[in-house]
Every structure is written in structure tokens, then in C-alpha cells.
Amino acid sequence: MIEFNNVSKVYPNGTKALKNVDLEIKDGEFVFVVGASGAGKTTLTKLLLCEERPSGGRIMIDKFNLSRMSKFKIPKLRRTIGIVFQDFRLLPNMTAAENISFAMHVLGESKKTIKARVANFLRLVGLEHKADCKPGELSGGEKQRVALARALVNNPNVVIADEPTANVDPYMAIEIIELLLKVNQLGKTVIVITHNVNLVNYYKKRVITMKEGQVVSDKQGGMFDEV
Amino acid sequence: MKFRFYNVGYFFRLAFQGIFRNSIMSLTTVFVLISTLIVMGSTWALTTNIEYNLQEINTYNKIVVFITRETEDHTTSLLREKIQRLPSVESVEWVTKDEVLKDLAANYGDYGDILQMYDDDNPCKDELIITYTDSSRVTDLTYQINAMNEEEETFGVVDKINDRREVAEKIDSVKNVVVLVCTWLMALLFVVSVFIIMNTIKLAVFSRREEVSIMRYVGASGFFVAFPFVLEGIILGAFSSLTSFGIMYYGYQLLSKAIGDSGLITVLPFSSMLREYVIFFAGVGIGLGVIGSLLSLRKYNRD
Ligand SMILES: Nc1ncnc2c1ncn2[C@@H]1O[C@H](COP(=O)(O)OP(=O)(O)O)[C@@H](O)[C@H]1O
Ligand SMILES: [Mg+2]
């Protein structure tokens with residue numbers, strides 16, 4: 001369960017990125033977050049990862065109170081969240097498999113566990129045959145699927161994808177959303193930030209629309225608001 | 001995070017990668033660390049040796065009164081009794097000029113024979129060697145002995161008074177200057193070392209910023225993220241310790257041989273300080289490595 005209570009965020013330079021945001025996302029939900037560039041969507045992600053702290057209000061993720069959590073607990077929080085970025089952020093000198101295993105390795109998992117899980121997740125995203133390719137040898141869609149596997153491999157409760165389809169072709173965009181739906185069916189909460197009107201309208205999921213730092217609409221089975 | 005043995009290998013691999021990737025910075029760091037350690041080591045060697053030689057001088061704890069030539073023995077004896085009665089005088093030994101000459105001859109070893117030609121006309125003087133109990137009274141003692149030289153029955157008996165305290169004080173003040181200069185130099189080098197290590201580690205973090213950022217997103221512990229960098233500092237420090245220890249060791253042997261041969265002062269053997277040196281070099285080298293790398297990670301660990 002994710003809860004935003006009257007949350008605001010003012011950056012040090014004075015930009016008011018979020019204004020009095022109230023939100024509730026239940027365990028196992030699938031939500032789209034839409035809105036124009038600069039609406040505050042990425043700021044929302046940063047707050048969830050505790051990369052930024054709220055300037056006001058309260059954010060809860062399960063038992064974590066992000067507004068006043070000690071910085072030493074941040075790694076613990078992040079292990080419950082998988083994150084996928086628009087620009088993939090794969091390590092260029094590692095293969096697809098190594099990029100995924102790296103995420104497990106740095107949490108101190110055993111080699112045996114790593115090997116088994118990496119193979120599983122490569123299969124889940126349909127890239128077993130590209131295990132030994134470096135990111136430079138992969139297409140945008142393939143890179144994003146490696147990134148998704150990496151986000152999932154440590155078994156987080158929540159998966160956040162910040163514009164995961166922005167740098168991939170339309171066919172691949174659908175495939176990535178389908179993968180995220182599959183992940184949602186596995187019981188994880190999935191938050192997808194996107195600009196893609198067609199995708200949002202097609203899937204008829206919960207849609208949260210943001211504008212100038214505020215939530216302007218929040219509808220089940222929603223459509224992309226043309227406001 | 002569970003401890004896994006293969007992670008140790010991983011930490012070392014990353015640390016060495018960091019060192020070789022920025023080899024110029026690493027070399028600079030090692031160079032500065034070695035300079036720091038050698039200045040510290042030399043200061044220590046120097047003060048230890050000075051201290052030792054001072055102690056040797058101090059153990060003499062003696063004032064030598066040279067007796068004017070042609071003084072009658074009973075006058076010398078009278079002076080001796082007078083001195084004996086002074087407070088803080090433990091004993092007064094009378095060494096005749098013949099004995100002094102014999103001692104000299106013995107000290108000169110093979111050249112001693114040359115002194116044989118003085119046999120008939122001994123250039124030495126009788127000496128009264130005073131052992132005192134309280135070194136702070138030396139000035140008083142010499143003053144009182146000089147006063148006796150003005151008294152009627154022992155008038156003009158004292159030719160010269162020699163106390164070694166002056167030498168000791170001179171060496172001591174030289175030592176103090178050496179210590180002062182070296183302390184400042186060390187302090188300066190300390191600051192420079194920490195600063196250089198900080199920058200080296202900062203550069204190492206920068207060249208691995210992508211990995212570090214992923215590690216932090218997936219929730220790697222602060223230890224897991226930071227330790228390879230601290231280890232890099234430790235390795236640089238340990239390598240510098242080892243190298244400067246080697247340089248110190250050989251440099252000391254060479255110098256002590258050169259100085260020892262001149263026979264002027266006693267040079268302590270390096271082995272007498274070996275254990276302290278090992279602890280000291282390892283401690284300071286590795287300590288500087290840890291401090292520098294922790295300081296450079298401090299800012300970045302804040303959020
Ligand atoms: N680190 C930052 N410092 C200052 N202003 C920022 C920072 N990050 C984002 N902003 C500003 O906050 C607002 C919201 O940004 P963001 O959350 O990235 O929007 P979105 O992801 O919806 O495009 C924008 O006006 C942006 O310029
Ligand atoms: Mg954004």
C-alpha cells in the first residue's frame with residue numbers, strides 16, 4: 001500500500017514540483033500516471049525511492065514512513081521497489097545476464113541463487129538467447145526488457161516504470177506494457193508513467209493525471225485526459 | 001547482507017581496478033604518502049638517537065675540575081675535602097695526570113703509542129671528578145667551586161671547570177628545533193596526504209558512477225557500495241607503508257654505517273626500533289588511506 005497525504009515538494013531552487021498530492025495505491029494495483037512534461041511525475045518516483053524527501057505531508061509505503069525515515073533504512077526500502085528508466089541505465093561493459101546478476105550480487109546473494117534466478121528472468125522477458133550480448137548489441141526494446149528483468153530479479157513488491165516506452169518502437173512498447181501486466185498478475189503493484197495516449201486508452205486501467213504538480217484526475221478504467 | 005567469501009574477491013578486484021584505471025592519481029597518492037611516512041620515520045629515528053646519546057652523556061653526571069699544574073698534592077687534597085662537604089655532591093674522585101695520560105693512551109688505541117713521548121713531560125693535569133646527586137644544582141656547584149678558588153688556602157688551584165651539561169643542553173635544543181620543524185612538516189604532509197587520497201577516491205567513485213548509481217537503486221547496503229573504495233585507500237596506504245619501510249630500512253643502514261664509522265656518536269641499530277617501525281608505518285599508512293577515503297565518501301553517503 002502506497003499512501004500520499006497532502007504531499008508537496010519544493011526543490012532547493014524554489015520550483016514547486018508537487019502541490020498537496022493525495023494518493024492511494026493498493027497492493028497489486030496497476031496504474032498509469034500521465035501528464036505533460038514537467039507535471040511532476042518523475043518527482044513522484046524520486047519521492048517513492050527516497051531519492052528526494054517531501055517538503056510537506058506524509059508518504060507511506062507499507063510500514064516505511066518516507067517523510068522521516070533514517071537514511072540508513074533507504075537500502076531496505078529500495079529492495080522492495082523495482083525501477084525501470086526511460087534510458088534503460090544498463091552497464092555498457094556487462095552482458096545482459098551480467099547486468100541482471102549485478103543487481104543480485106550487490107545485495108549479497110549466493111552465486112547459485114543468482115544463476116538460477118537470472119536464467120528465469122531472462123526467460124520471463126524472452127531474452128534467453130541474448131544472455132551474452134552487451135547493451136550495444138541490443139535494440140531499444142531488448143534493452144528495456146533487460147532493465148525490466150533487473151528490476152524484478154530481487155523480487156520487489158512494487159515496480160515503477162518511468163516512461164519505459166519512450167525510447168522503443170510502438171510494437172515493442174506494447175510488448176513492454178504486456179510484460180508489466182504479466183508482472184502485475186504475478187501480484188506486484190505496477191506504476192507506469194507514460195506519454196503514450198494510445199496505450200493508456202487501450203488498456204483501460206486506473207489513470208492518474210497530473211498537471212503542474214497536482215493530481216487533476218484519478219479514474220478507474222480511465223482514458224488519457226485531453227485537458 | 002550476508003557475508004560471502006566471493007565478495008571479498010569482488011571487493012579486491014574493484015579496488016585494484018580503481019587503482020590501475022587512474023594510475024596517475026594512484027602514483028601521486030603513493031608518492032605523497034611515502035614522503036609523509038619517510039619524514040615521520042626519519043624524525044623518529046633522529047629523535048630516538050639524539051635521546052639515546054643525550055642519556056649517555058647524562059649518565060656521566062659529572063663535573064670535572066682541572067687542577068692547576070704545580071699544585072701541591074696536599075692543596076689538591078684540601079680542595080677535594082672542601083668540595084666533598086658541599087651539598088648534593090656524592091663523591092669526588094682524584095685522578096692524577098699520569099692516570100689521565102694512561103686513559104688517553106688507551107682510548108686512542110693504536111695511536112696511543114705516540115703519547116709515550118710525553119712520558120717525561122706530561123701535558124695533562126690532575127682532575128677532580130665530581131659526581132653529583134641533583135643535576136639542577138650544577139650551576140650552584142660550579143659557582144661554589146669557583147669561589148673556593150678565591151679562598152686563601154686553595155687560591156688559584158682550579159684551572160678550569162668542565163661540566164658536560166652544556167653539551168647536553170646544546171644537543172637538547174637542537175633536538176627541540178628538529179622536532180618542531182618535523183612536526184610542522186608532518187602536519188602539512190598529513191593534510192596533503194588526506195587531501196590527495198580524498199581526490200583519488202573521488203575520481204574512482206566518479207569513474208564508476210553508473211555502477212554505483214545502479215547499486216544504490218537496487219538497495220545495496222552502504223557498506224557494499226563504499227567498501228571497495230575504502231579498500232582502494234587501504235591498499236594505497238599499505239603499499240606506501242611497505243615501500244617507505246624498505247626505503248627507511250636501507251637508508252638507515254647506509255647512514256648509520258657512515259655515521260657510526262666516524263665514532264662521534266652511538267647510532268642505535270635499526271633492529272632495536274623494528275617493531276615500532278612496523279606498527280607505526282602500517283598504522284599511519286593504512287590509517288591515512290581509511291581516513292582519506294571515508295572523508296571522500298562522507299558527502300556522497302549523506303543522502
Ligand atoms: N532536481 C531538480 N531541481 C530543481 N527542479 C527540478 C528538479 N527536478 C525536477 N525539477 C522541476 O520540477 C518540475 C517537475 O519535474 P518532473 O517531476 O521531472 O516532471 P515530469 O517527470 O512530469 O516531466 C519541473 O518543473 C522540473 O523542472
Ligand atoms: Mg519525467
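As a reminder, the structure under discussion sits directly above these lines.
Residues numbered from 1 in each chain as written. Chains lettered and ligands numbered in written order. Predicted model: local features only at pLDDT ≥ 70, side-chain atom pairs only at ≥ 80, totals over all residues. Heavy atoms only, no water.

### Let's talk about the overall build of chain A
Heads up, the condition is: Numbering of helices and strands runs from the N terminus, with a helix taken as a DSSP run of H or I at least four residues long and a strand as a DSSP run of E at least two residues long. For the radius of gyration, the atoms used are the C-alpha atoms, and the globule rule reads 2.2 Å times the number of residues raised to 0.38. Only protein chains enter the area calculation, which uses a 1.4 Å probe; residues under 20% of their type maximum are buried, those over 50% are exposed, and those in between are partly exposed. In what follows, a contact means two residues having at least one pair of non-hydrogen atoms within 4.5 Å. Methods summary: accessible areas were calculated by the Shrake-Rupley approach with a probe of 1.4 Å, and residue burial reflects only the protein chains presented. We treat Lys and Arg as the positive residues and Asp and Glu as the negative residues; His and chain ends play no part in the count. The atom standing in for a charge is NZ when the residue is Lys, CZ when it is Arg, CG when it is Asp and CD when it is Glu.
For chain A, the helix and strand inventory stands at seven helices and 10 strands. Against the globule reference of 17 Å for 227 residues, chain A gives a C-alpha radius of gyration of 17 Å, in line with a compact fold. When its C-alpha atoms are laid out on the principal axes, chain A stretches across 45 × 40 × 35 Å. Looking at the 227 residues of chain A, the share that counts as buried comes to 56%. For chain A, the share of sequence-separated contacts (at least 6 apart) that also reach a separation of at least 24 residues comes to 66%. Accessible surface for chain A amounts to roughly 10300 Å². Of this, 49% is attributable to carbon and sulfur atoms. In chain A, 33 side chains carry a positive charge and 24 a negative one; their mean positions are 7 Å apart.

### What about the sheet that holds strand β4 (residues 56–61) of chain A?
Across a sheet, paired strands are connected by hydrogen bonds in the backbone, their directions being either parallel or antiparallel. Residues and elements named next belong to chain A. Convention followed: Here a strand pair is declared whenever DSSP counts at least two bridges between the two strands.
The sheet built from four strands is open, its strands ordered β2-β1-β4-β5 with antiparallel pairing. Taken across any chain shown, the strands that pair with only one partner, and hence form the sheet edges, are β2 (16–25) and β5 (64–65). Note: strand β1 (residues 2–10) against β4, five bridges, orientation antiparallel. Considered in β4, the bridge of glutamate 3 is made with methionine 60.

### Describing a nonpolar patch on the surface
All names here are of chain B. Definition in use: The patches described consist of residues with a relative accessible area above 30% and no salt bridge, like charges being joined within 9 Å and nonpolar side chains (Val, Leu, Ile, Met, Phe, Trp, Tyr) within 5 Å. By convention in these notes, a salt bridge is any Lys or Arg side-chain nitrogen within 4 Å of a carboxyl oxygen on Asp or Glu.
The grouping of Tyr249, Tyr250, Leu274 and Val278 at the surface amounts to a nonpolar patch, some 380 Å² of accessible area in total. For the nonpolar patch, the secondary structure elements donating two or more residues are α8 (222–262) and α9 (274–298). The topology assignment puts leucine 274 in helix α9. Using a relative accessible area of 35% as the deciding quantity, one classes leucine 274 as partly exposed.

### Describing the site of ligand 1
Residue and element names in this part refer to chain A. Just so we agree on the cut-off: Summary of the distance rule: residues count as near a molecule or strand when at least one heavy atom falls within 4 Å of that molecule or strand. Two N or O atoms count as a polar contact when they lie within 3.5 Å, although within protein this holds only if one can serve as hydrogen donor and the other as acceptor, and sequence-adjacent residues are included solely when both atoms are side-chain atoms. Residue polarity is assigned by list, with Asp, Glu, Lys and Arg as charged and Ala, Val, Leu, Ile, Met, Phe, Trp, Tyr, Cys and Pro as nonpolar; anything else, Gly included, falls into the polar class.
Neighbouring ligand 1 are the residues Tyr11, Asn13, Thr15, Ala17, Ala36, Ser37, Gly38, Ala39, Gly40, Lys41, Thr42 and Thr43. A distance of 3.2 Å separates an oxygen atom of ligand 1 from a polar backbone atom of alanine 39. Between ligand 1 and lysine 41, the relevant distance is 2.8 Å, taken from an oxygen atom to a main-chain nitrogen or oxygen of the residue. For ligand 1, whose unbound accessible area comes to 560 Å², protein coverage reaches 67%. Broken down by element, the residue count for the shell around ligand 1 peaks at three residues, all from helix α1 (residues 41–48). A class-by-class count of the residues in the shell around ligand 1 yields four nonpolar, seven polar and one charged.

### Some remarks on the pattern of salt bridges
As a working rule, side chains carrying opposite charge can pair if their charged atoms are close by. Residue and element names in this part refer to chain A. Per the stated rule, a full pass over the model turns up 11 salt bridges over all chains. Close ionic contact of arginine 206 with glutamate 29 constitutes a salt bridge, the shortest N to O distance being 2.9 Å. A residue pair is termed long-range when its members are at least 10 positions apart, and arginine 206 in strand β9 (residues 206–211) and glutamate 29 in the loop between β2 and β3 (30–35) qualify at 177 residues. This pair shows no difference in class: arginine 206 is buried, exactly as glutamate 29 is. For the salt bridge of aspartate 218 with arginine 206, the shortest nitrogen-to-oxygen distance reads 2.8 Å. Taken together, the positions of aspartate 218 in strand β10 (residues 214–219) and arginine 206 in strand β9 put the pair 12 residues apart, joining distant regions of the chain. Through salt bridges with shared partners, a single ionic network connects Glu29, Arg206 and Asp218.

Keep in mind that these numbers describe shape and distance, not what the molecule does.
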